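Descriptive analysis of the structure
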Amino acid sequence: MRPMTRYFYFSSEEMSRVPVWVRFPNLPICCWSPSCLSKIASVLGKPIQSDHMTFTLSCMSYARVLVEIDLREDLQHSVAVSLPFGPILH
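This structure is a prediction, so every number in the text was calculated from the model and none was measured. (Residues numbered from 1 in each chain as written. Predicted model: local features only at pLDDT ≥ 70, side-chain atom pairs only at ≥ 80, totals over all residues. Heavy atoms only, no water.)

Time to look at the overall build of the protein. For the protein, the helix and strand inventory stands at two helices and five strands. The secondary structure elements of the protein, listed N-terminal to C-terminal, are β-α-β-α-β-β-β. Here the protein, with 90 residues, has 26% of them falling under the buried criterion. Taking the contacts inside the protein whose residues are at least 6 apart along the sequence as the reference set, 58% of them involve residues at least 24 apart. Total accessible area on the protein stands at roughly 7,000 Å², and carbon and sulfur atoms take up 60% of it. (Helix = DSSP H or I, 4+ residues; strand = E, 2+ residues; numbered from the N terminus. Buried < 20%, exposed > 50% of the residue type's maximum accessible area, 1.4 Å probe, protein only. Contact = heavy atoms within 4.5 Å. Areas by Shrake-Rupley, 256 points an atom, 1.4 Å probe, with all protein chains shown as cover.)

This is the structure in structure tokens:
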């Protein structure tokens, strides 16, 4: 978060980076550590935090991470995850 200036101008520089909640469905349990989720999310942008359900492993159908995304770059719709002893997940 940045402090709000006295006069708010909508310049392209200020509005080019936005936080977005990203879901990673069907992720194996070995990928649910904060460091692993951060590495996966960093492919899309700057990872900020995971949600409470992901952090506490309360909902195992998907992991959710808040990622700061640059809107000037092409948006990715999937991330390939290569497991050490397994298949590549998409």
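Before going further, it helps to spend a moment on helix α1 (residues 34-41). Among all positions in α1, only Leu37, Ile40 and Ala41 are buried. Along the axis of α1, the buried positions cluster into a sector of 95°, meaning they face one direction only. On its buried side, α1 packs onto β1 (17-25), β2 (46-50), α2 (52-55), β3 (62-70) and β4 (81-82). (Arc of directions from axis to C-beta.)

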